[in-house]
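Now for the letters of each chain:
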Amino acid sequence: MSINYSEKIPNNVNLSDDRRLQRALESWQPNYLKWWGALGPNDSSDYDVYLRTAVSVDPRGWAHFDYVKMPDYRWGIFLTPVDGERKINFGRHKGEAAWQEVPGEYRAELRRLIVTQGDTEPASVEQQRALGLTAPSLFDLRNLFQVNVEEGRHLWAMVYLLHGYFGRDGREEAEAMLERHSGDPDKPRILQAFNEETPDWLSFFMFTFFTDRDGKYQLASLAESGFDPLARSCRFMLTEEAHHMFVGESGVARVIKRACEIMTEHKTDDVRAHGGIELELLQKYLNFHFSVSVDLFGHELSTNAANFYTMGLKGRYQETKIDDNHLLTEYVYKVSEVQGDKIIQVDAPALTSINERLRDDYIADCQSGVNRWNKIIKKFGLDFELKIPHRSFHRGIGSFSTFQTTPEGKLITQAEWDTRHSEWLPTDEDRAYIQSLMKRVTEPGKMANWIAPPDRGINNQNPEFEYVRFN
Amino acid sequence: MSLQRQHLIDPAICIRCNTCEEMCPIDAITHNDLNYVVKFDVCESCLQCIATCPTGAIDSWRDVAKPWSIEEQMTWDDLPDDQQGDVGGEGIDGEVSSMLEKAEAGQAGQALAPFSAAQPSVNLFARGNPVIARVAGNFRITDTDTESDIRHVVLDLGSTSFPVLEGQCIGIISPGVDENGNPHHQRLYSISSPRDGERPNRNNLALTIKRVAETNLKGVGSNFMCDLKKGDEVQVTGPFGQTFLMPNHPEANIIMIATGTGAAPMRAMTMRRQRVHPHAPGKLVLYLGSRTPGDLPYFGPLQKLPRDFIDVNLCFSRLDGQPREYVQDRMQKDGEKLSKLLESDDTFVYICGLKGMEKGVDEAFAGICAAHGLDWPTLAAKMKETGRYHIETY
C-alpha cells in the first residue's frame, strides 16, 4: 500500500517535492515504528495520551494538545525557517554564507556529529521504557510519554538530515540508529551514559534535569553550525528540549517539597519513616547524575572540538552573543587541572578548550536550577542546602578521571574513596529503597506519597485531569 | 486609579529555558541571572510566547495600578498579588456592560476572543475619571447629497496612555444634562483605526459616527459628535470589549460582514493587517452593505485597496434600476469561496451593523453549508467555542 507521506509526515521541508527523499523516508519509517513497538514505552500502545504535537514551527503549531495513541503520534520534520541572510559566524569560514548543502571537505566530520547527536535520542527512549509501569501520577506518566515521543521526533530530525544530505552512507547510518540499542553488549549506544537503564523515577527526574541539559547545550552549539539545515533542525529541537528540562526541574522540586512537608508536618528528619525521600539521598542522586552528565562534554582539551569549531560545524553556546573574534586563535581560557596535590586553574588555548567552556556554561545553568530547589527548602524554614559537586568529583572522562576527589573537590586517595564513596553516591540499599517506592498511581489527580502535586497542570488543565486513558 | 493588565512570568514555576525570549518577535522579554521578565511598555500581548512555554509560567497576568518595572520583576521569588485600584465609578460599569451585552446578544452565550488576539486593556477610564480628548479632525465620508451623514472623527489623546485594539469601542459622554437634569448616558462607538493610531504612533484614534435625527432624546450623542470642530474637547471612557478582537496570526482568514457604520471595526482590522502583514497568507474578505455608493462609508478608500490584499464586496440595496442586493445575497453567490474558507480552522467571522442583518447572514451561512456538505449548526457552535464567530449589532 502506498502511503501519502506528505500527509503522514507533517513537515515544513516540502517533502512531497523531493521524491528521492520521500522514498528514503518511506523505507525507514516502518523500521522506526517497529523499533518503537519493540523498544519504546512498555505496554503503552493502546493508551490515549494527552500530548502536545508539534504540527508546525510557528508558535501556534505548539498549542496542539489532544489525546493520541503513541504509535499514531505524528512524528514530523520541522526546521526553523530559512534566513536567506544567515552567515557562518565562527571559524575559518566566518562571514561566508551558511552552507545549504554539506561542504564536501567536512562531510565525515558533520556526519559524525549528527550521528552522535541522533544516537542519544532513541537511546533515552530505550533507557526509560519501563518507567511507565511505576509512574507516580497520570500527570507524570503523560510527561514521560511526551518526553519519549519528542526524543523520537529528534531522531526523525537527525535522520532527515542523514537521508536528505548524506546519500547512501546517510541512509545506512539512519538504519544503524535503530540497530544499536541501549545496554546491548554487542551493539551498544555510542555514548556510555546512554547505555545505563533509567531504573526509577528519581533517576528519571535527575536524568532529565542533568543529562538532558547536556543535550540542550549540545543542541545549542549545533544550532550555531555553519551547515544551515543542522542549525535550523537543532534550533527547533531546543524548543522541545525545554519541556524535558521542565520535567526534570519540576519533578525534583516536587520530591523536595514533599520531603519538606513531611519534615515540618511530623517534626522529624526521618523522612523515610513516612514514605518520603530524604534530602540527603536527593543530594547523593544529584552527585551521581551531575558527575556522569559533565562527562558527556568530553575532554577538557580537545583537538576534535577545536577542529569542529574552526571548520564552522559546531559553535559555542550563544556564539553570536559572545564579543570576540570568533576564531579563538589568540585567546586563552581557564581550565582546571591537577597539579601536585591541588586542583588549580591554568590558561589553555581557547580553541582547544571549547568543551570546557561549554561545560562551564552548563554548570552555571545547573547551579541556577539547584538554587531554585534550595529556595523551596528555605521557604519551609529548613536548614539544608543541595550542592552541585565539584567538577572533579566521580569523573570517568577527562583529566580528573584518574583521580578521586570529595564532592568539594579535595583530592583523596583511592583507599579513602573506597571507604567513603557511599557517603556521596547512592548505595545499593539507597537504590533498593527508592525502588520500593515505585508503585504506579493511576487515579486522576492522585500522587504517590513521595512526591508533591504539580503547581500547574499541562495546558492549564485542572489537577484531576485524566492525562492518560488506559482503555 | 485605573487598573491595567500586566503580563508577567511566574518565577516560582519558570525554569529559565529561554524559549519565550527566543520566541518574542519584538524583544519584549529579557532576563537576569535570577528571572525572566516581560517589559510592560514593549509587550504587545501577541501571545506568541504562551504556547511555547513548557511550564505555563508565562501565562501569568496581574491587574496593576502602576506596572511592575523589569528591575522589580527581576528580584522576585514569587508573583505579587493584584494591585488594588478603582475601575470606575459605581453604576457606570453596569451602564456600559448592559450596552455591550445588547450589542453582543447575537453571539448567544459567552463569547471568546480569538486565540491569537492581543490581550485587551479594558475599563481604564470611566465616567468618574474620563480622558479629555481633543478633536483632530471631523470629515463627512458619505456624499453630501445622500440622507446618510456619516462622519470620520479623529480624536487626539494627548499624553494619556489609552491602549486600544481593533474591534474595541470607547464611550463618549455628551456634555450637559437631559430633561430630568441627569447626565446624558454614555454612547459607545467602535474604533475604526488600528491599535497604533489613525496615523501610526500618534496617540490618536478614529471613530465612524452616523448622525441620527435628534428626536425624543435620541441622537444627542451622535449629533454632538458629528458637530464637533477641530480642537473641541470630549470626555472619553473605556476602552471596552474583550472578545470582538482580531486574530493576530497572519494565517488567519478574516471574513468581515458589515452594514453602515458597522464598517468601523472592519476598517480597523483591515488597516492593522495592511500595516503589519501586507502579504499575509490568510485571506481578507469584506461584505459591506449600504443603500447606495454615496451612502457607503469609506467608499473611495475601499476602491484603492489592492485586490490581492482584500476581497471587497460592496452590496447596494437602492441602486436605480437594479434589484436590491443585501450582504447575504452576495454571500450566497460566493458560496463556493466561503464554504472553502469555513472549512479552515483559521477562519474568523465578524458581523457588525444593524440588528436586522444577523438573521440574514446566519441563513446565508446555513444555505452555503447545506450546498457544500457542511453542517452549519455544528460548525457555528464550534466557531463560537473557539472564538472564531463574532457578532456586534445594534
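### Thoughts on the overall build of chain A
Scanning chain A from N- to C-terminus turns up 12 helices and 7 strands. Here chain A, with 471 residues, has 47% of them falling under the buried criterion. In chain A, the share of contacts with a sequence separation of at least 24, taken over all contacts with a separation of at least 6, comes to 69%.

### Describing the sheet that holds strand β1 (residues 48-52) of chain A
All names here are of chain A. The 3 strands lie next to each other as β2-β1-β7, forming an open sheet whose pairing is antiparallel. Strands with a single pairing partner mark the edges of an open sheet, and in this sheet they are β2 (65-69) and β7 (468-469). Here β1 pairs with β2 via 5 bridges, running antiparallel. Following the sheet pairing, L51 is matched in β2 by D66. Packed onto the sheet, helix α4 (residues 138-165) meets β1 and β7 and runs at close to 60° relative to β1.

### Re the interface of chain B and chain A
Reports often express the size of an interface as the amount of accessible area lost when the parts come together. Between chain B and chain A, the contact holds 18 residues from the first and 15 residues from the second. Its residues assigned to classes, the side of chain B that touches chain A shows 7 nonpolar, 7 polar and 4 charged.

### Let's talk about the sheet that holds strand β12 (residues 284-290) of chain B
All names here are of chain B. The 5 strands are arranged β13-β12-β11-β14-β15 in an open sheet whose pairing can be described as parallel. Each end of this open sheet is capped by a strand with a single partner; those strands are β13 (311-316) and β15 (389-393). For this sheet, the mean inter-axis angle between neighbouring strands, taken without regard to orientation, is 10°. Alignment of strand β11 (residues 253-259) against β12, held across 6 bridges, turns out to be parallel.

### Observations regarding the nonpolar core
Counting residues in each nonpolar core, the largest one holds 209 residues, and the members touching the most others are V255 of chain A together with M256 of chain B. Considering every element that reaches this core, the biggest residue donor is helix α7 (residues 228-265) of chain A, with 18 residues. The contact partners of M256 of chain B, leaving out residues within four places of it in the chain, are M266, M269, V285, L286 and Y350 of chain B.

### Focus on the environment of G398 of chain A
All names here are of chain A. Following the sequence through the fold, G398 ends up in the loop between α10 (354-379) and β5 (404-405). Its 22 C-beta neighbours within 10 Å are what place G398 among the buried residues. Considering only alpha carbons, one finds G398 and S302, 96 residues apart in sequence, at a separation of 9.8 Å. Apart from residues no more than four positions distant in its own chain, G398 is found in contact with H299 and E300.

### Notes on the environment of I13 of chain B
Note on placement: I13 of chain B falls in the loop between β1 (4-8) and α1 (19-23). C-alpha separation for the pair I13 of chain B and A57 of chain B, spaced 44 residues apart in sequence, amounts to 5.4 Å. The contacts of I13 of chain B, once residues within four sequence positions are left out, are D455 and R456 of chain A together with T55, G56 and A57 of chain B.

### Here's the deal with the packing of α4 of chain A against helix α5 (residues 167-179) of chain A
Residues and elements named next belong to chain A. Put simply, α4 and α5 touch, their axes get as near as 7 Å, and they point 155° apart. As summarised for this structure, α4 and α5 are arranged roughly antiparallel, according to the angle between their axes. Contacts between α4 and α5 involve L155, V159, L162, H163 and Y165 from the former and G170, R171, E173, A174 and M177 from the latter. Its residues assigned to classes, the contact of α4 with α5 comprises 6 nonpolar, 2 polar and 2 charged.

### Considerations on the environment of L354 of chain B
Residue and element names in this part refer to chain B. Locating L354 in the fold gives a position in the loop between β14 (347-353) and α9 (357-371). Residues L354 and Y394, 40 residues apart in the sequence, show an inter-C-alpha distance of 5.2 Å. Filtering out sequence-adjacent residues up to four positions away, L354 remains in contact with T259, G260, T393 and Y394.

How each quantity is defined
Residues numbered from 1 in each chain as written. Chains lettered and ligands numbered in written order. Predicted model: local features only at pLDDT ≥ 70, side-chain atom pairs only at ≥ 80, totals over all residues. Helix = DSSP H or I, 4+ residues; strand = E, 2+ residues; numbered from the N terminus. Buried ≥ 20, exposed ≤ 12 C-beta atoms within 10 Å, placed from the backbone. Contact = placed C-beta atoms within 7 Å. Pairing = 2+ DSSP bridges. Axes fitted to C-alpha atoms, helices over the stretch in contact; angles between N-to-C directions. Nonpolar A, V, L, I, M, F, W, Y, C, P; charged D, E, K, R; others polar. Core = buried A, V, L, I, M, F, W, Y, C linked by C-beta atoms within 7 Å. Parallel < 35°, antiparallel > 145°, perpendicular 65-115°, else oblique.

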